Structure formats: C-alpha cells, structure tokens
Amino acid sequence: MKKWISRSLAAISQLIYKQILVAARMESHGISGAIQVTKSTYDILQNKYLFEDRGIIHVKGKGDMNTYLLRGRLVRAVSA
C-alpha cells in the first residue's frame, strides 16, 4: 500500500511539474497584459469566452504549440 501511494504521489507531482513548466515557458513567449492559453484550454472554454488565434509558438521541451489569446467573455442573448 505504501509503495502504491508513493508511486501515485510521484506521478501526480511529475504531472503538476510538467504543467507548471509549460505555463512558465508559454509566459516567456507571451504578450504583456494578455492571457495566453493552450489548444486544450481553448477547446474547453471556447463556448464561454472569446479568443484570438495567436498561431504556433515553439515551446522548449514541448515543440510547436497552437496558442490563443483570451479577449473576453462571450455574451449570450437572453430569450424573452
């Protein structure tokens, strides 16, 4: 049981580390005052927020990634 917990914690720690590393590397290629997101984040949020396709950037350790800039919240029409 202890080995399983130890392995699980190590796997979770590695996953979190990778996400933080990608975020930090994306930030170094970011635009001041803008929020830049990955394709996977865009796919989840595209129906609630307005994004601008920034295009492909090279992220060290990940390769070429398509990124998007958050431009605002989508406004939904209220039906009468």
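Here the structure is shown first, and the text comes after it.
Residues numbered from 1 in each chain as written. Predicted model: local features only at pLDDT ≥ 70, side-chain atom pairs only at ≥ 80, totals over all residues. Heavy atoms only, no water.

### Thoughts on the packing of aromatic side chains
Then, number 1: Under the defined criterion, the tally for this structure stands at two aromatic pairs.
Then, number 2: Within the aromatic cluster, the residues linked to one another by ring pairs are Y42, F51 and Y68. (Phe/Tyr/Trp six-rings, centres within 6.5 Å; stacked < 30°, edge-to-face > 60°.)

### Some details on the environment of A10
Then, number 1: Inspection of the secondary structure assignment puts A10 in helix α1 (residues 2-28).
Then, number 2: On the accessibility criterion, A10 (47% relative accessible area) is partly exposed.
Then, number 3: Separated by 22 residues in the primary sequence, A10 and S32 place their C-alpha atoms 34 Å from one another. (Helix = DSSP H or I, 4+ residues; strand = E, 2+ residues; numbered from the N terminus. Buried < 20%, exposed > 50% of the residue type's maximum accessible area, 1.4 Å probe, protein only.)

### As for the pairing of strand β3 (residues 63-73)
Taken residue by residue, a regular strand's side chains alternate between the two faces of the sheet.
Then, number 1: Where strand β1 (residues 35-38) lies against β3, four bridges are found, and the strand directions are antiparallel. Its bridge partner being in β3, V37 is matched across the sheet by Y68.
Then, number 2: Two strands pair when backbone bridges link them, and strand β2 (residues 49-59) and β3 are joined in this way by ten bridges, in the antiparallel orientation. Bridging across to β3, G55 finds its partner in T67.
Then, number 3: Counting the residues in the hairpin turn of β2 and β3 gives three residues, including G61, whose phi is positive at 90°. (Pairing = 2+ DSSP bridges.)

### Comments concerning the pattern of salt bridges
Then, number 1: Taken as a whole and judged by the stated rule, the model has two salt bridges.
Then, number 2: Residue K39 is joined to D43 by a salt bridge in which the shortest nitrogen-to-oxygen separation is 2.7 Å. With K39 and D43 both in helix α2 (residues 39-45) and four residues apart, this pair spans about one turn of that helix.
Then, number 3: Residue class for K39 comes out partly exposed when judged on its relative accessible area of 37%.
Then, number 4: As a salt-bridge pair, R71 and E52 come within 2.8 Å of each other at their nearest N and O atoms. Here the residue R71 occupies a position in strand β3, and E52 occupies one in strand β2, the gap between them amounting to 19 residues.
Then, number 5: Given a relative accessible area of 46%, R71 falls into the partly exposed group. (Salt bridge = Lys/Arg side-chain N within 4 Å of Asp/Glu carboxyl O.)

### Structural notes on the side chain of Q36
Then, number 1: Turning to its location among the elements, Q36 is positioned in strand β1.
Then, number 2: Within polar-contact distance, the side chain of Q36 engages the side chain of R54 at 2.4 Å.
Then, number 3: Excluding residues within four positions of it along the chain, Q36 makes contact with M26, H29, G30, R54, I57, T67, Y68 and L69. (Polar contact = N/O pair within 3.5 Å; in protein donor to acceptor, adjacent residues only side chain to side chain. Contact = heavy atoms within 4.5 Å.)

That's the geometry; what it means functionally is another story.
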